[in-house]
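Remarks on the overall topology
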Amino acid sequence: MLSLNTPIESISKLQKPQIAALKKLGLLNVQDLLLHFPYRYLDFSQVKQIKDLKPDEPASIKVTIKSISSRFSFRGRMSLAEAVVSDDTGSIKIIWFNQPYLAKSLSPGEEIFLAGTPEYYNFKLQLTNPIYEKASDFPIHTSRLVPIYHLKDGIYPKTFRNLVAEALPLVDELAETLPKDILENQKLPNLSDTVRYSHFPNGQIQVETARKRLAFEEIFINQLLAQKHKIEIAKRKSFAIKFDDNLIKTFIASLPFVLTAEQKKSTWQILQDLEKSTPMNRLLEGDVGSGKTLVALIAALQCAADGYQVALLAPTEILAHQHFETARKYLFGSKFKVGLLSNNYSVVDGEEIKKTTLSKLIAEGMPGIYIGTHALLQKNIKFKKLALVIIDEQHRFGVEQRSNLMNLKGKVPHLLSLSATPIPRTLQLAYYGELDISQIKEKPLGRKPITTKLVENQNRPKAYKFIGDQVKLGRQIFVVTPLIEESDKTGLKSAKKEQENLQKLFPELKIGLLHGKMKGADKEAIMAEFLANRVQILVATSVVEVGVDVPNASVMVIEGAERFGLAQLHQFRGRVGRAEHQSFCFLFSDNQNPETTARLQAFTKTGDGFALAELDLKQRGFGELYGASQSGWNFKYFNPSYIALIQPARQEAIKILQIDFNLNNYPILKEKIKDKVIHFE
Ligand code: ADP
Ligand code: MG
């Protein structure tokens, strides 16, 4: 007898390779099998009579085998089983390739179900490779919506379906994961029904009912975690940083430009948060080039000038370096330190310093702004007076990581995340539920919109001539190449090829190559060359972070543009147009498919990252949202079609936490969120 806890090894009819395949899927016992849901269904729910079969219309039939035999065809290379089956209305020929054993396991006179899509062969309808099963009252593989699962080599779909069907009576023993009143309020099925409906639905409505419940559960857990985090943070203490009007005004006046209205507003919101003794938990969202770094630096300046320490974490060494240069440029002459903790060296105020010496000074509480990659906080550097953590392009920062930063009398630093990932407004709660949000939607004054063109192949020479002319004007060029071959995982091959190609076209120019496999120091070296205009054209793979500021670059060329989501194309495009020069983005694509062309044309017509993200979401779903995976949430069931579930899920989460913050009465929920700490990669 099976029970929910029966380990799969103890299921007697499973053989070793099958057990191994199930384990690879993380399925260790019967309960796991039941909770491994199909991702789609084949619709063989129409049970027809033979006379009603139509070509290309999937159907099931209930028939009697008249004859069955096997033979070899194609000069003996392929075995095939051939049968004739009939019902009261007629008969039809069946062919199975490479399943010779069928001729032995099925015999004339037997009643079976077959499911497949009839086709004409020699002017007669025929079924090729239909699924078969013995006729019964509860067909599993035919005569229904047939569940299709993600499986691994070693286990057949049929075997898996049989296993689930065998375990199905146990669904009533599954422990319900959602509180009863939530199920009632939201009119959702309980877990047992959800599992039943998922595996063996009696129709599309049951499929959708089950999917909705799974999506709701996922977004509910997400909101529970987000709200819990939010409340937890609000209970902690942080450093109240006095807003020094004079300091900030003087700094802003010293800049070579005026802040945009939204930069000012965001700065103001952040400085107000910093004044509170509860930790700030804010996301500063703004399109590439909208000037987030500067806003963050003002916050950093306020903290450092007040005698505290600030950690600024960038996703890559290149960006850390760049932030360091920016901070030094603007904050030169301040009474606090500006330091860079690179993998290879460390610098304070422009002078190299031993890492251990710097760590020691930081541990002693030397006020300043310390810049590094995200690894900075894991490197045993103990900040004594860390008041503000700024995280560039990394959305999630867990409760635990934050607790690790608690230093001065149990206080928690303020947190500011910067993100250029345009998450559609409709999804913001799902991604950033626990954060307050500041947005910079406008670009600094004087930025000209980037001229974007989808270049037809015959106009390539023209585009290259244009590029040459831009270089003559003193400008520089980015070229991004896509991943083309499976085997070329880093995209290095296609980037190298492009570099060679361009070198032939422009023998007199220096053409650099930037890719993900390069060592940090090498990347920095080539970026420095590019920044100094000793390299005129930089070919980069898409896997490499091009989140760099090279104001002199005026052309972004994107090869294989159809391979990127719109939001990601937009990120690439944001690398140019960062100074006064009119800038250009050229898309090349070999794909002539009208839909692709329309998508890329749409991209050429809008410069609004959020609009593009909405469009991506509509056209291609979640997966294409650049950065969505970085958010730490990999939704399995929740998708954009369930946006309407976010609000109710959030309400239910808040309601539960108000009554029982520690979820002591909800052990299952407690367990569920326990292993789901918000990521910090
Ligand atoms: P983001 O991080 O939002 O992509 P950055 O902070 O790197 O953008 O800013 C892009 C460029 O714009 C930088 O060179 C920065 O010095 C400049 N910049 C920032 N704010 C303004 C402004 N208000 N006016 C003009 N230039 C600005
Ligand atoms: Mg930036």
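Residues numbered from 1 in each chain as written. Chains lettered and ligands numbered in written order. Predicted model: local features only at pLDDT ≥ 70, side-chain atom pairs only at ≥ 80, totals over all residues. Heavy atoms only, no water.

In this section: the sheet that holds strand β22 (residues 511-514). One open sheet holds the six strands; their spatial order is β20-β25-β24-β21-β23-β22, and the pairing between them is parallel. With partners counted over all chains shown, the strands left at the sheet margins are β20 (451-455) and β22, one partner each. Taking each pair of neighbouring strands and ignoring which way they run, the sheet shows an average axis angle of 20°. Both strand β21 (residues 476-481) and strand β23 (residues 537-541) contribute to a ladder of five bridges, which runs parallel. Following the sheet pairing, Ile-477 is matched in β23 by Ile-537. (Pairing = 2+ DSSP bridges. Helix = DSSP H or I, 4+ residues; strand = E, 2+ residues; numbered from the N terminus. Axes fitted to C-alpha atoms, helices over the stretch in contact; angles between N-to-C directions.)

One pass over the structure, following the stated rule, counts 24 salt bridges. Here Lys-249 ties to Asp-245 by a salt bridge, and the two come within 3.3 Å at their closest N and O atoms. Separated by four residues within a single helix, Lys-249 and Asp-245 lie in helix α8 (residues 245-254), roughly one turn from each other. According to the relative accessible area criterion, Lys-249 is exposed, its value standing at 54%. Asp-245 gets classed as partly exposed once you look at its relative accessible area, which sits at 39%. In this structure, Glu-559 engages Arg-460 in a salt bridge whose closest nitrogen and oxygen atoms are separated by 2.8 Å. Pair noted here: Glu-559 is in the loop between β24 (553-558) and α18 (566-573) and Arg-460 is in helix α15 (residues 460-472), with a separation of 99 residues, a long-range link. An identical accessibility class is assigned to Glu-559 and Arg-460; each is buried. (Salt bridge = Lys/Arg side-chain N within 4 Å of Asp/Glu carboxyl O. Buried < 20%, exposed > 50% of the residue type's maximum accessible area, 1.4 Å probe, protein only.)

Our focus in this paragraph is the site of ligand 1. Residues in close proximity to ligand 1 total 17 residues, the closest being Val-258, Gln-263, Gly-289, Lys-292 and Arg-447. Contacts to ligand 1 include Gly-291, whose backbone N or O atom sits 3.1 Å from an oxygen atom. Taking Lys-292, its side chain carries an N or O atom lying 2.8 Å from an oxygen atom of ligand 1. Coverage of ligand 1 by the protein chains reaches 85% of its 570 Å² of free accessible surface. Counted by class, the shell around ligand 1 contains six nonpolar, six polar and five charged residues. (Near = heavy atom within 4 Å. Polar contact = N/O pair within 3.5 Å; in protein donor to acceptor, adjacent residues only side chain to side chain. Areas by Shrake-Rupley, 256 points an atom, 1.4 Å probe, with all protein chains shown as cover. Nonpolar A, V, L, I, M, F, W, Y, C, P; charged D, E, K, R; others polar.)

Purely geometric stuff here, so don't read any function into it on its own.
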